[in-house]
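Next come the chains, spelled out residue by residue.
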Amino acid sequence: MSEKFLGYLIAQETTLFLIAEENRAVTGFLTAKPQPAPPVFEPGATAFVDDFCVADEAAWATTGAALLREARTRLKARGFAQVIVVTAHRDDGKMAMVKQEELSLASAWWVGKP
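Keep in mind that what you see is a predicted model, and the values were worked out from it rather than measured.

The rules we used
- Residues numbered from 1 in each chain as written.
- Predicted model: local features only at pLDDT ≥ 70, side-chain atom pairs only at ≥ 80, totals over all residues.
- Heavy atoms only, no water.
- Helix = DSSP H or I, 4+ residues; strand = E, 2+ residues; numbered from the N terminus.
- Rg over C-alpha atoms; globule rule 2.2 N^0.38 Å.
- Buried < 20%, exposed > 50% of the residue type's maximum accessible area, 1.4 Å probe, protein only.
- Contact = heavy atoms within 4.5 Å.
- Areas by Shrake-Rupley, 256 points an atom, 1.4 Å probe, with all protein chains shown as cover.
- Pairing = 2+ DSSP bridges.
- Axes fitted to C-alpha atoms, helices over the stretch in contact; angles between N-to-C directions.
- Parallel < 35°, antiparallel > 145°, perpendicular 65-115°, else oblique.
- Left-handed = near helix turned anticlockwise from the far one by under 90°.
- Nonpolar A, V, L, I, M, F, W, Y, C, P; charged D, E, K, R; others polar.
- Arc of directions from axis to C-beta.
- Core = buried A, V, L, I, M, F, W, Y, C linked by side-chain atoms within 4.5 Å.

1. Quick word on the overall build of the protein chain
Piece 1. Along the protein chain, the regular secondary structure elements total 3 helices and 4 strands.
Piece 2. Beginning at the N terminus, the succession of helices and strands in the protein chain can be written as α-β-β-β-α-β-α.
Piece 3. Scaling as 2.2 N^0.38, a compact globule of 114 residues should have a C-alpha radius of gyration of about 13 Å, and the protein chain matches this with 15 Å.
Piece 4. Here the protein chain holds 114 residues, and 31% of them are scored as buried.
Piece 5. A fraction of 54% describes how many contacts in the protein chain between residues 6 or more apart in sequence connect residues 24 or more apart.
Piece 6. As displayed, the protein chain offers around 8200 Å² of accessible surface, 55% of which is attributable to carbon and sulfur atoms.

What follows is the structure in structure tokens.
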């Protein structure tokens, strides 16, 4: 993530930006922003968590889960009905954590040349 894009995210009033720290070092972060959901779902206000990482792959179950729990608590307080968390298929630690946090797999994107 570039410094310019990070600055853009922080400046957005609607973006939730959380940072995890340990011994004065950043160990993870999460951003969530409002996202229109396709009308077929009609879930209500939806937050989109795309920029979400931890410094150490082994920390997904602890640091990553704590960031996600805090985000969900704050987003609920802001009136959101649903959260979408983007995860790469082979990001095993993050995939295990979102399952542990009782999120369900909603879709997968397949990419190819036209």
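After presenting the structure, the write-up continues.
2. Re the pairing of strand 1 (residues 16-22)
Piece 1. Sheet topology note: the strand 1/strand 2 (residues 25-34) ladder contains 7 bridges and is antiparallel. Looking across to strand 2, one finds that E22 is bridged to A25.
Piece 2. Between the end of strand 1 and the start of strand 2, which pair antiparallel, lie 2 residues, with N23 showing a positive phi angle near 50°.

3. Notes on the sheet that holds strand 2
Piece 1. The 4 strands lie next to each other as 1-2-3-4, forming an open sheet whose pairing is mixed. The sheet terminates laterally at strand 1 and strand 4 (82-85), the two strands that pair on one side only. With strand direction ignored, the average angle separating the axes of adjacent strands in the sheet is 25°.

4. Structural notes on the packing of helix 2 (residues 60-77) against helix 3 (residues 92-100)
Piece 1. In contact at an axis separation of 10 Å, helix 2 and helix 3 are set at 50° when each is read in the N-to-C sense. Here helix 3 runs oblique to helix 2, going by the angle between their axes. The element helix 2 and its partner helix 3 pack so that their crossing is right-handed. Here helix 2 contributes W60, A61, G64, A65, L68 and R69 to the contact with helix 3, which in turn contributes G93, K94, M97, V98 and Q100.
Piece 2. Here the residues of the contact of helix 2 with helix 3 sort into 6 nonpolar, 3 polar and 2 charged.

5. Digging into helix 3
Piece 1. When we look at burial in helix 3, the residues that qualify are K94, M95, M97 and V98. When helix 3 is viewed along its axis, its buried side chains cluster within an angular range of 165° and face the same direction. Turned more than 90 degrees away from the buried face of helix 3 sit D92 and K99, all of them exposed.
Piece 2. In the stretch just after helix 3, E102 is the one whose phi turns positive, near 65°.

6. A closer look at the nonpolar core
Piece 1. Grouped together as the largest cluster of nonpolar side chains are 21 residues, with contacts concentrated most on L30, F52, L68, L75, V85 and M97.
Piece 2. Looking at this core, the elements with two or more residues in it are strand 1, strand 2, strand 3 (46-54), helix 2 and helix 3.
Piece 3. Looking at this core, the element that brings in the most residues is helix 2, giving 6 residues.
Piece 4. Setting aside chain neighbours within four positions, we find M97 in contact with F52, W60, A61, G64, A65 and L68.

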